[in-house]
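Fold and contact review
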Amino acid sequence: MSPSIDYEAPTPPYQQIAAEIIRDIKSGTLAVDRPIPSESSLIQRWGVARDTARRAVRHLRELGYVYTVPQRGTYVRDRSEAERQDAQ
């Protein structure tokens, strides 16, 4: 079953996608230094426009969950190290 966007929800579609990816990261389904689904995959999976998929990835990057390597992809960031540095 494909996930669906709730267009009536107060949360924008890109944040709904990002929240699903964050759940996958926290559950271990998406492991540290492993790629997240590509923009094309997000478009197909969620049935959204490319801009929405890009905003979701940008949002994840801004929150510190992922990092992007140009022409390679976007990968899960090791947040435990970032959280340790923030605590110091």
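Figured I'd write up the structure that's included with this text.

If you walk through the whole model with that rule in mind, you get three salt bridges. Notably, a salt bridge pairs Arg-50 with Glu-39, separated by 3.3 Å at the nearest N-O pair. Residue Arg-50 is found in helix H3 (residues 50-63), and its partner Glu-39 is found in helix H2 (residues 39-46); the two are separated by 11 residues along the sequence. Each of Glu-39, Arg-50 and Arg-54 takes part in one network of salt bridges that share partners.

Time to look at the environment of Asp-24. Residue placement: Asp-24 occurs in helix H1 (residues 13-27). The sequence separation of Asp-24 and Ile-36 amounts to 12 residues, and the corresponding C-alpha distance is 9.5 Å. Among all residues touching Asp-24, those that are not within four sequence positions of it are Thr-29, Leu-30 and Arg-45.

Sheet analysis places strand S1 (residues 66-69) next to strand S2 (residues 73-76), joined by four bridges and oriented antiparallel. Opposite Tyr-67, over in S2, you have Tyr-75 as the bridge partner. Hairpin remark: S1 followed by S2, antiparallel, with three residues in the connecting loop; positive phi at Gln-71, about 60°.

What is expected of a backbone is that most residues other than glycine have negative phi and most peptide bonds are trans. In this model, Asp-33 sits at a positive phi of 65°, which is unusual for a non-glycine residue. Mapped onto the elements, Asp-33 comes out in the loop between H1 and H2. Phi at Gln-71 takes a positive value of approximately 60°, unusual for a residue other than glycine. The topology assignment puts Gln-71 in the loop between S1 and S2. Since its relative accessible area comes to 85%, Gln-71 is described here as exposed.

Calculation criteria
Residues numbered from 1 in each chain as written. Predicted model: local features only at pLDDT ≥ 70, side-chain atom pairs only at ≥ 80, totals over all residues. Heavy atoms only, no water. Salt bridge = Lys/Arg side-chain N within 4 Å of Asp/Glu carboxyl O. Helix = DSSP H or I, 4+ residues; strand = E, 2+ residues; numbered from the N terminus. Contact = heavy atoms within 4.5 Å. Pairing = 2+ DSSP bridges. Buried < 20%, exposed > 50% of the residue type's maximum accessible area, 1.4 Å probe, protein only.

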